[in-house]
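Tertiary structure, described
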Amino acid sequence: MTDGYPADAVGEQPTGGEPPARLTIAAIGDLHVREDQASPWREVFAEAARLARVLVLCGDLTDLGRPGEARLLAEDLRGIGIPVIGVLGNHDHESGHAGEVRDILRGAGMQVLDGQSVEIEGVGFVGVKGFAGGFGRHMLGSFGEAAIKQFVAETVEEALRLENAMRRVRSRRAVVVLHYAPIRETVADEPPEILPFLGCSRLAETIDRFRVGAVVHGHAHRGRYEGRTPAGAPVFNVAAQIAKPGGRPFALIEV
């Protein structure tokens, strides 16, 4: 995959030397942990820790955004032995306790990104939730009623927060972590009526201003595993419900 650093020369760019060692990440989204489950993901996380150096979680970690659900997930995350990073999804906001969900997961050692970046073994991970709005020439525009303009403004704000975070990355390689999809290709098998609510091309426009090694997202349970942004950055839909190489619920991706 492509080494990732800002294409507009932000920060120090690499000048020769040995190429960096590849980093294997395990990525999964849409866990939808419920309070009536007991350790539903502990074995999956243990397998991921055997095969990868970093675990990436792409939102909808809880089913209804309840603190009790987050505590169950936190128990499964503790002690897995590799760094865990990720973003929240729309389900994690459902009950109005997203801040508490975030704090519980951070207490278990997860680095929950919300417009921030973190470097792990020479790879910069940048994360935002993203938002809806549609794709390509069918993308919703900021026109008409105030409610429509507010909806579009949410997507624009997420894209701006992603761009600001990308500009702070100084690593030679970058991975973008989202919940909503940045391209239509990885949600293409979903019902056409809901496609505009699964992601937005504004995210891809931001990503393509930088050199990015991989983009991971969830949200679309019946989408497709792999696609590319218009500029060629590889995008992976890692929702647990998506079929992936190797038959595991998580994807193994090298950057």
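This report concerns the structure included in the present document. Bear in mind that the values here come from a model prediction, so they are computed numbers and not experimental data.

This paragraph deals with the packing of helix α2 (residues 67-77) against helix α3 (residues 98-107). Two elements in contact, α2 and α3, have axes whose closest approach is 9 Å; the angle formed by their N-to-C orientations is 15 degrees. With respect to α3, the axis of α2 lies roughly parallel. The element α2 and its partner α3 pack so that their crossing is right-handed. For the pair α2 and α3, the contacting residues are Pro67, Ala70, Arg71, Leu73, Ala74 and Leu77 in the first and Glu100, Val101, Ile104 and Leu105 in the second. Looking at the contact of α2 with α3, its residues break down into eight nonpolar, no polar and two charged.

Our next topic: the pattern of salt bridges. When the charged atoms of two side chains lie near each other, side chains of opposite charge can form a pair. Evaluation of the coordinates by the stated rule reveals 14 salt bridges. The partner of Glu35 in a salt bridge is Arg66, and the shortest N-O contact between them spans 3.7 Å. Here Glu35 is found in the loop between β1 (24-28) and α1 (42-51), whereas its partner Arg66 is found in the loop between β2 (54-58) and α2, with 31 residues between them in sequence. Judged by its relative accessible area of 38%, Arg66 is partly exposed. With its nearest N and O atoms 3.3 Å apart, the salt bridge here joins Arg42 to Asp76. Linking Arg42 in helix α1 with Asp76 in helix α2, this pair joins segments that are 34 residues apart in sequence. Classification of Arg42 by relative accessible area gives partly exposed; the value is 40%. Given a relative accessible area of 2%, Asp76 falls into the buried group. Salt bridges sharing common partners tie together Arg102, Asp114, Glu158 and Arg161.

We now examine α3. Every buried residue of α3 is listed here: Ala98, Val101, Arg102, Ile104 and Leu105. On an axial view of α3, the arc spanned by its buried residues comes to 165 degrees, and they lie on one face. In α3, the exposed residues that point more than 90 degrees away from the buried face are Asp103 and Gly107. Its buried side turned inward, α3 meets α2 and β4 (111-112). Directly after α3, the chain includes Gly109, whose backbone phi takes a positive value near 100 degrees.

Conventions used here
Residues numbered from 1 in each chain as written. Predicted model: local features only at pLDDT ≥ 70, side-chain atom pairs only at ≥ 80, totals over all residues. Heavy atoms only, no water. Axes fitted to C-alpha atoms, helices over the stretch in contact; angles between N-to-C directions. Helix = DSSP H or I, 4+ residues; strand = E, 2+ residues; numbered from the N terminus. Parallel < 35°, antiparallel > 145°, perpendicular 65-115°, else oblique. Left-handed = near helix turned anticlockwise from the far one by under 90°. Contact = heavy atoms within 4.5 Å. Nonpolar A, V, L, I, M, F, W, Y, C, P; charged D, E, K, R; others polar. Salt bridge = Lys/Arg side-chain N within 4 Å of Asp/Glu carboxyl O. Buried < 20%, exposed > 50% of the residue type's maximum accessible area, 1.4 Å probe, protein only. Arc of directions from axis to C-beta.

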